[in-house]
Amino acid sequence: MKVCLLAQTLDPQTGIGVFVDNMIKGLKSERSDIEFSVLTGRNNFLHIRREIKKADVVHAIDAYPHGILAAVLGIGLGKPLVITAIGSGSLKGLSGGGLKPFLMRLSYKRASAVAAISRYVAGEVRRVCQGVSV
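Residues numbered from 1 in each chain as written. Predicted model: local features only at pLDDT ≥ 70, side-chain atom pairs only at ≥ 80, totals over all residues. Heavy atoms only, no water.

Chemist: In this structure, what is going on with helix H3 (residues 63-73)? I would like to understand it.
Modeler: Each turn of an α-helix holds 3.6 residues, which means side chains three or four residues apart point in the same direction. With 8 of its 11 residues buried, H3 lies for the most part within the structure. Of the residues making up H3, those classed as buried are Ala63, His66, Gly67, Ile68, Leu69, Ala70, Ala71 and Leu73. On its buried side, H3 packs onto strand S1 (2-6), helix H2 (45-54), strand S3 (57-61), strand S4 (81-85), helix H4 (88-91) and helix H5 (99-110). (Buried < 20%, exposed > 50% of the residue type's maximum accessible area, 1.4 Å probe, protein only. Helix = DSSP H or I, 4+ residues; strand = E, 2+ residues; numbered from the N terminus. Contact = heavy atoms within 4.5 Å.)

Pasting the structure below:
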């Protein structure tokens, strides 16, 4: 199974980098057939779309910006999307009007699965994006 993972960074000096590294190691220890294509903000849209096309599953860390990128660039490809809500990119800007909140809510609603790092984050996503199961 090939997973296209979109994350801010893999830098082990950051919380997100440590989280992503631990998640990858944990999943690989559970399933030896998992192959990851990890993309960060340094990748261009065409490259991300090509990697999504090759993947079986797309996994975005936080709705903004990676969940939005995965949802928009995956249009028409029929790939399941998983969003893990772990940081401020999961909630900051989720409420209210405008393009960013609209795209964040759309991403959560498009996702096949949404996971959250805490009950608080899960509750906020459920509250704002009614109908989304976290």
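Chemist: What is the right way to read the nonpolar core from this model?
Modeler: The nonpolar side chains of a soluble globular protein tend to be buried, and buried together. Formed by 28 residues in total, the largest nonpolar core has its most connected members in Leu6, Ile48, Leu81 and Tyr108. Residue assignment for this core shows that the elements contributing at least two residues are S1, H2, S3, H3, S4, H5 and helix H6 (119-128). The element best represented in this core is H3, accounting for 6 residues. Those residues in contact with Ile48 that sit more than four places away from it in its chain are Leu6, Leu39, Asn43, Leu69 and Leu73. By size, the runner-up hydrophobic cluster in this structure holds 11 residues, among which are Leu5, Ile16, Ile34 and Ile61. (Core = buried A, V, L, I, M, F, W, Y, C linked by side-chain atoms within 4.5 Å.)

Chemist: Explanation requested: the sheet that holds S3 in the structure shown.
Modeler: What holds strands together in a sheet is hydrogen bonding between their backbones, with the strands either parallel or antiparallel. Ordered by their spatial adjacency, 5 strands build an open sheet running S2-S1-S3-S4-S5, and the pairing between neighbours is parallel. The sheet terminates laterally at strand S2 (35-39) and strand S5 (113-116), the two strands that pair on one side only. In this sheet, neighbouring strand axes are inclined to one another by 20° on average, regardless of whether the strands run parallel or antiparallel. One ladder, built from 4 bridges, connects S4 with S5; its direction is parallel. In the sheet register, Ala85 faces S5, and the bridge partner there is Ala116. This element, helix H1 (residues 15-30), spans S1, S2, S3 and S4 of the sheet and lies at about 150° to S3. Sheet strands touched by H5: S4 and S5. Its angle to S4, the strand with the most contacts, is close to 120°. (Pairing = 2+ DSSP bridges. Axes fitted to C-alpha atoms, helices over the stretch in contact; angles between N-to-C directions.)

Any functional reading would require information that these geometric values do not contain.
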